[in-house]
Amino acid sequence: MVVETFPEIMTWLFGWQDGPGAFYIFLLLVVAACLFGLFFGYLVAAFRHGPGEAFYVVAKVVANAGPDWIRISPRRIFAIARLAAKEAVRRRVILIAFIIFAVALLFGGWFISGADNPERVYINFVMWGTQLLILMMVMLISAFSLPDDIKNRTIYTVATKPVRTSEIVLGRVLGFAALGTGLLLLMGVISLLFVWRGLSHSHEISRAENGEVVMSEVDPFTTGHRASENAVTETTTSLDSGHRHWVEIIEDVRDKDAPPPVNMDSVISQETRGEKIVYRRLNVTHEGGHTHKISYSDGGYDMSDARGFFRARVPLYADQLVFYDRQGSPRRKGISVGDQWGYRGYVSGGVTLSRAEFYFSDFTANRFDNADKLPLELTLGVFRSTMGDIYTRVRVGLQFESVPAEGDEETGNRFRSELLEFESQEFDVQVKAIPRKLPGQVFAPNGELIGSGIYDLFDDFAANGNIKLIVRCVDENQYLGMARADIYFRAADQAYWWNFTKGYMGIWLQMMIVISLGVSFSTFLSAPVTMLATICTIIFGFFSDAISKFAVPDVEGGGPIESLVRLITQKNMGQPLPDTLGTQIMERIDMVFIGMVRSVTDIVPNFSRLDFSDFLTYGYFVSNDRLLVAACITGAFCVGLVFLGYFSLKTRELAG
Amino acid sequence: MTEAAAAEQTGDRLVQTNPDYDPDVIIETQNLTKVYRDFWGRQKVRALKALDLEVRKGEIFGLLGPNGSGKSTTIKLLLGLLFPTSGRALVFGKDSTETTKNERIGYLPEESYLYKFLTAEETLDFYGRLFDMPSDVRQQRIDSLIEKVGLTWAKRRQLKEYSKGMTRRIGLAQALINDPDLVLLDEPTSGLDPLGTREMKDMILELKSQNKTVVMCSHLLADVQDVCDRIAILYQGELKELGAVDDLLQVSDETSVRARGLPQEAHEEIAQVIRKHGGDVVAIENPRTTLEELFLNIVRESEERPGRRATSEDREQGS
């Protein structure tokens, strides 16, 4: 999953950069909806009462709308809300939803354990389960409530009281919302406990029959797995929760005057070899997104509970990625290695000027909690042009450089770090701790070397908040592939509970839209048709991004009619059709279709923008701006739908 | 205090703006017509044809007619549950589609359409809240109404457990929760046993004594005759007859004399007197009581003296 950069809420609402801000579009839509409503209302009224009388009827409805919204009584709204909630509770809808949830959790656990990345599966499972059940439940109760009242004629006793139509609609929406919120809270707490319990585990280290731990030499050629750098021996842990970890002994060679390893608990021996000290320490490999802390004392090993779950990571992506070819000229794309999938660009290895430069902004110490080491996560592709050895890893070189602010290019000094080299780990996310203080040089704006020493990444390199990361491939004849989202800094993690809450707030927002849809549709449709319409809207809403991709004028293979013609006449998508009148007519009709689909995707709420389950599943932080934008979208739709429901209920006869 | 002043006093809720408003006219319909149409706007039924009515303050007005004659349609039009096709309906001088007029109206629908999952107390509490009644006033009203309709023993039971008669009672209680000035009753006695029917009729008369206006529709003629001051007879949506019950039922060319303790011989003498004055003797006989009277007497007696009631057969056996 790639967390795309997201605009700030104020920019999104009132910005004018890429088209008008959301608020202006909303105002435009309100005006359009009012005009359309008046026109449509007049048409219906003219049909019922004749064109002359229709003006009077429409004017009356509009004139009544003001008092109906200004003079609403909280007590009446509360009474209707409470009745709606009570109805759902006493009809046992809530109970059934909750039982299904409980049963799913009870038995779901059987199928989840043993997965490659249990946290993802657990979170995905509870998020999907909650989302599905909550949305289904509120859809059912909101779709049936009003039509049932009209069918059973209980609405007679309500509508003959001084109850305003606005109160009937609003009361229902609020009642179901309160009920759904309660159930969602309960499900959220239970889900969190379920996931926490399911993921909590520890392992034993396998021992021989005499009780000794048998470590074998690291031998990738026969075992086929890649061990960590400097690993000398290895063994495996017991199989728990469906997986094992490798336990390795790593030789950590340090200068005599260098500080010892941080985690001395895991050091089992140390010896001096000339000017160096060799620490032999235990390391547990990452499996399924977590590891365990291991400590050693008096010949016994002790493994902690799982570590690495429940993260709310905040990735700091580069704003821009620029590739340079072997001659050092900037290129938009990297070197092509003939891969069909052009996602990654490649840089060639050896002594060439080929490199990739990642430009980061807003790179400040605050975002990393003033840490001494900054985690950099990399997912690099490797393309080998030499045959034979596929076990030796390709080496990566990283270099940091300051980026002068605009207008400061002539005066500001530039810092450049020395090359940090390490082996790349293919097919996996690699985490590198970059020290905050790096050895490097300072250059004057004219390129003259001023000095060298240890410099601070934040205070010196990125004094203006901008920094450049240069990635090179060190090994000759090899290629390293990367895309903008492949390398990112991990800013300080946010609180997990808050991120989890935000994930559930996303479900809450979806729930509010579904309730408004259900109540609003049920004012003019029967219960089954309301359900159908709501389901269609939800499906359309979840896939509206995908659907709008098809609904573009120059889509390959044409619109529905052209596609059908191509299917029947066996013409492939690329083949041009003969330029006849028939083709032109067909294309025109397709354009109308595409226009219709586009306008529908624009009208239905985009549920994928309110769905944060992927963020939770992959352990990324949901930014506040994202949540606020989702809340604005929800608010706008709910307001629109409540008004739609009000006008349609106001203008219909409740008895018939 | 006049009606107009009372309307003023309710504050911003029901402000009378109609200059022609006569506070003594509670309901007024002018040329009220209702045509039911299908989805495509084609005419299905003409349920009400140009109805002109006026119901005055303090009277009990009955709408009579066979099934499908437009009685319920009239009531629904008055309540704003239906919109008139043409003409208009005014209640308290306001258009029937206005929400504010409902503050002074109580309505008991044909089958007490209530929420079955609520208890009697919750039902009245809910409807009380719809009138925006403060909590203490509401609680007081609920207690007195539940007692009045005799459901104190069952006030905490859900309505789905109620018998038809009990549902009817709680239906009436909800119609009276706001102490309305106008009560609309749709078939108030349907589904009630004779005892319940009598209680309902007593209740209606009690409302009249409190100077409230009652409009009821029914096809049970005896009930209408017992309580109504004026009636309108509808047939196929048209008004066929309108007037005071006493005037309408009076047979002006016949005379009846009721006396107690008259010996059989006197009958012949009375017949002679009638003939002497040129009248025709239609019948001189002992009047019969109604079955309702008989039934109510038995029930009343049984309540006073529990146990098996002495019947005429018992008396014969005893002798």
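Report on the accompanying structure. (Residues numbered from 1 in each chain as written. Chains lettered and ligands numbered in written order. Predicted model: local features only at pLDDT ≥ 70, side-chain atom pairs only at ≥ 80, totals over all residues. Heavy atoms only, no water.)

Our focus in this paragraph is helix α5 (residues 164-175) of chain B. For α5 of chain B, with 12 residues, the first-to-last C-alpha span of 16 Å sits near the 16 Å given by 1.5 Å per residue. In terms of residue burial, α5 of chain B counts as a mostly covered element, since 10 of its 12 residues are buried. Looking at the buried side of α5 of chain B, the elements it contacts are α7 (154-159) of chain A together with β6 (105-108), α3 (120-130), α4 (135-148), β7 (182-186) and α6 (194-209) of chain B. (Helix = DSSP H or I, 4+ residues; strand = E, 2+ residues; numbered from the N terminus. Expected span 1.5 Å × (residues − 1). Buried < 20%, exposed > 50% of the residue type's maximum accessible area, 1.4 Å probe, protein only. Contact = heavy atoms within 4.5 Å.)

With 154 residues, the main nonpolar core has Leu-63, Phe-126, Ile-170, Leu-182 and Leu-184 of chain B as its most contacted residues. Of the residues that make up this core, three or more belong to each of domain 2 (72-199 + 495-650) and domain 4 (316-491) of chain A. If we skip the residues at most four places from it in the chain, Leu-184 of chain B touches Ile-27, Ile-75, Leu-78, Leu-79, Ile-105, Gly-106, Tyr-107, Leu-108 and Val-215 of chain B. In this structure, Leu-321, Val-347, Phe-422 and Ile-487 of chain A belong to the second largest nonpolar core, which totals 42 residues. (Core = buried A, V, L, I, M, F, W, Y, C linked by side-chain atoms within 4.5 Å. Domains from an automatic or database assignment.)

Turning our attention to the interface of chain A and chain B. Contacts between chain A and chain B engage 35 residues on the former and 39 residues on the latter. Buried area between chain A and chain B, both sides added, is near 3400 Å², and the carbon and sulfur share of it is 59%. Three residues stand out in chain A for area buried against chain B, namely Arg-75, Thr-160 and Lys-161 of chain A, and they jointly supply 19% of the buried area on that side. Summed over the shared surface of chain A and chain B, the number is 6 salt bridges. Across the pair Lys-86 of chain A and Glu-122 of chain B runs a salt bridge whose closest N-O atoms are separated by 3.4 Å. The tally of links from chain A across to chain B stands at 20 residue pairs in polar contact (both at pLDDT 80 or more). At the level of secondary structure, the elements contributing two or more residues to the side of chain A that touches chain B comprise α2 (22-49), α4 (74-90) and α7 of chain A. Among the elements that make up the side of chain A that touches chain B, the one with the highest residue count is α4 of chain A (10 residues). (Buried area = accessible area lost by both parts, 1.4 Å probe. Salt bridge = Lys/Arg side-chain N within 4 Å of Asp/Glu carboxyl O. Polar contact = N/O pair within 3.5 Å; in protein donor to acceptor, adjacent residues only side chain to side chain.)

What follows covers the pairing of strand β21 (residues 467-473) of chain A. Residue and element names in this part refer to chain A. Most of β21 is tucked away, with 6 of its 7 residues classed as buried. Pairing of strand β12 (residues 355-360) with β21, which is carried by 5 bridges, proceeds in the antiparallel orientation. Note on β21: the bridge partner recorded for Glu-357 is Ile-470. Note: strand β15 (residues 395-402) against β21, 7 bridges, orientation antiparallel. If you follow Ser-402 over to β21, its bridge partner there is Ile-467. (Pairing = 2+ DSSP bridges.)

The subject of this paragraph is helix α15 (residues 581-603) of chain A. Residue and element names in this part refer to chain A. Taking 1.5 Å of rise per residue, 23 residues should cover 33 Å, and α15 covers 33 Å from first to last C-alpha, within 8% of that figure. If you check which residues of α15 are buried, you get Thr-583, Met-586, Asp-590, Ile-594 and Thr-601. Contacts from the buried residues of α15 go to α12 (527-542), α13 (544-550) and α14 (560-569).

This part takes up the sheet that holds strand β4 (residues 86-91) of chain B. Residues and elements named next belong to chain B. What the 4 strands build is an open sheet, ordered β2-β1-β4-β5; its pairing is antiparallel. Bordering the open sheet on either side are β2 (43-56) and β5 (94-95), each of which pairs with just one other strand. The pairing of β4 with β5 spans 2 bridges and is antiparallel. Its bridge partner lying in β5, Leu-90 is registered against Asp-95.

By convention here, two paired aromatic rings are described through the distance between centres and the angle between planes. What the rule picks out here adds up to 36 aromatic pairs over all chains. Taking 5.8 Å as the distance between ring centres and 50 degrees as the angle between the ring planes, the aromatic pair formed by Phe-415 of chain A and Phe-461 of chain A counts as tilted. Of this pair, Phe-415 of chain A sits in strand β16 (residues 414-417) while Phe-461 of chain A sits in helix α10 (residues 457-461), placing them 46 residues apart in sequence. For the pair Phe-415 of chain A and Phe-461 of chain A, a shared accessibility class is recorded, and that class is buried. Grouping aromatic residues by their ring pairs yields a cluster made of Phe-360, Phe-363, Phe-368, Phe-400, Phe-458 and Phe-489 of chain A. Positioned above the aromatic ring of Tyr-620 of chain A, the side-chain terminus of Arg-313 of chain A is 4.4 Å from the ring centre. Above the face of the Phe-92 of chain B ring, Arg-104 of chain B is positioned so that its terminal group lies 3.9 Å from the ring centre. (Phe/Tyr/Trp six-rings, centres within 6.5 Å; stacked < 30°, edge-to-face > 60°. Lys NZ or Arg CZ within 6 Å of the ring centre and 35° of its normal.)

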